[in-house]
Amino acid sequence: MEHIAVYGAGTIGSGQATLIIGHGLPCLLVGRSQAGLERCRSAIGQNWDDLIEEGLASPANKRAAMSLLTLTRDPADLAGKTFIFEAVAEDLESKRQVFRAVARYAAPEAVIASCSSSIDAERLAALAERPENLLIAHPFQPVHLLPLVELVCHGRTSSRALDRASELLRLLHRQVVVLNRSVPGFLVNRLAQALFRESIFLLEEGVASAADIDRAVKYAMGMRYASIGLLEYYDDVGFQLERAIAENVYPDLCGAKEVQRTTLEGIAGGKTGRRAGQGLYNWSRKDEADFRRRKQSPYFEGVREWTMPK
């Protein structure tokens, strides 16, 4: 059994810790400041309160899980840890400091699973003292609920490190996909950016409203690909028809290589999305609690698989 730590007390770290203790496994979480650790403890507690409200956990489960959590500011507490989820800021220097702490204090065979969502795995490997034990394990928010994790290897990732990461993630009821090499955006963000780019293009061209674009994605693509795969559907449609569609549609698709006007103007005007109160939608007219629940609700059933502490 791996001895697990999470390095980073932000949104990703708190979600990762929630998942680990929710499976009855002890978790050490290393943060930078006491205030950050307190925010992290509060976020983990809120995650459990959400599960209790949905009838997926009990107050006793929460108490038992929270007793498995240790928060610390001292990297020396990594002593004996064999698997570390790195979840600090998305910059090389922050990650270098974590890798140094792991090399100094953790078990010599410790695997580092970086939660990086955008940094090339080869660049991360260049920072590690034992690159064979490093790979990317990219989760998605909410981390404790959304089951997919992208494992991204680099040229020196050992098969043993990949096997250990896969085994632990499957123990945590994650769906694992493996990228044999790193590409910008990995799989999911690469596909998402293509969809975002086309959607913003359609908005700017006045083809449809944000609400109608969302409705089309939600009730056609979302429902379809919840049960069959994208490429399964491609095969089901058939190459001949897909060729005809491609010949008609490809020439008109958005081919922008720069960030689009809507995004740049939104940033310049302070209309940057939900947290700013205005983005493509006016969030003052939306129910925040309803949005929070809708964001989590597709994944609640997976919690029933957890081996919760009691």
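Residues numbered from 1 in each chain as written. Predicted model: local features only at pLDDT ≥ 70, side-chain atom pairs only at ≥ 80, totals over all residues. Heavy atoms only, no water.

**Thoughts on the sheet that holds strand β6 (residues 134-138)**
Here eight strands make up an open sheet; going across it, the order is β3-β2-β1-β4-β5-β6-β7-β8 and the pairing mixed. At either end of the open sheet lies a strand with only one pairing partner, and these are β3 (69-72) and β8 (175-179). The sheet shows a mean angle of 25° between the axes of neighbouring strands, direction not considered. Taken together, the four bridges between strand β2 (residues 27-30) and β3 define a ladder with parallel strand orientation. Of the residues in β3, the one forming a bridge with C27 is L69. (Pairing = 2+ DSSP bridges. Helix = DSSP H or I, 4+ residues; strand = E, 2+ residues; numbered from the N terminus. Axes fitted to C-alpha atoms, helices over the stretch in contact; angles between N-to-C directions.)

**Considerations on the pairing of strand β4 (residues 83-86)**
In regular strands, side chains alternate between the two faces of the sheet. Side-chain alternation along β4 places F83 and F85 on one buried face and I84 and E86 on a second face that is also buried. Relative to β4, strand β1 (residues 4-7) runs parallel, the two sharing four bridges. By the bridge assignment, A5 is partnered in β4 with I84. Note: β4 against strand β5 (residues 111-114), four bridges, orientation parallel. Bridging across to β5, E86 finds its partner in S114. Since β4 and β5 lie parallel, the crossover through helix α4 (residues 92-105) that links them has a hand, and here it is right-handed. (Buried < 20%, exposed > 50% of the residue type's maximum accessible area, 1.4 Å probe, protein only. Right-handed = clockwise from strand over helix to strand, strands pointing away.)

**Some points on the packing of aromatic side chains**
The relation between two aromatic rings is expressed through the spacing of the ring centres and the mutual angle of the planes. Across all of its chains, the model carries six aromatic pairs by this definition. With a centroid separation of 5.0 Å and an interplanar angle of 80°, the aromatic rings of W283 and F291 are classed as edge-to-face. Assessed through its relative accessible area of 12%, W283 is described here as buried. One aromatic cluster is present, built from ring pairs that chain together Y281, W283 and F291. Over the ring of Y281 we find K286, and its NZ or CZ is 4.4 Å from the ring centre. We note K286 situated over the ring of W283; from NZ or CZ to the ring centre the distance is 5.2 Å. (Phe/Tyr/Trp six-rings, centres within 6.5 Å; stacked < 30°, edge-to-face > 60°. Lys NZ or Arg CZ within 6 Å of the ring centre and 35° of its normal.)

**Description of the nonpolar core**
Grouped together as the largest cluster of nonpolar side chains are 41 residues, with contacts concentrated most on W48, L51 and F85. The residues touching W48, leaving out its near neighbours within four places in the chain, are T18, I21, G22, A57, N61, K62, A65, M66, W306 and M308. In this structure, Y7, L28, L124 and A128 belong to the second largest nonpolar core, which totals 23 residues. (Core = buried A, V, L, I, M, F, W, Y, C linked by side-chain atoms within 4.5 Å. Contact = heavy atoms within 4.5 Å.)

**So, the pairing of β5**
Alternating residues of β5 divide into V111 and A113 and I112 and S114, and every residue in both groups is buried. Pairing between β5 and β6: three bridges, direction parallel. The residue bridging I112 from the neighbouring strand is L134, located in β6.

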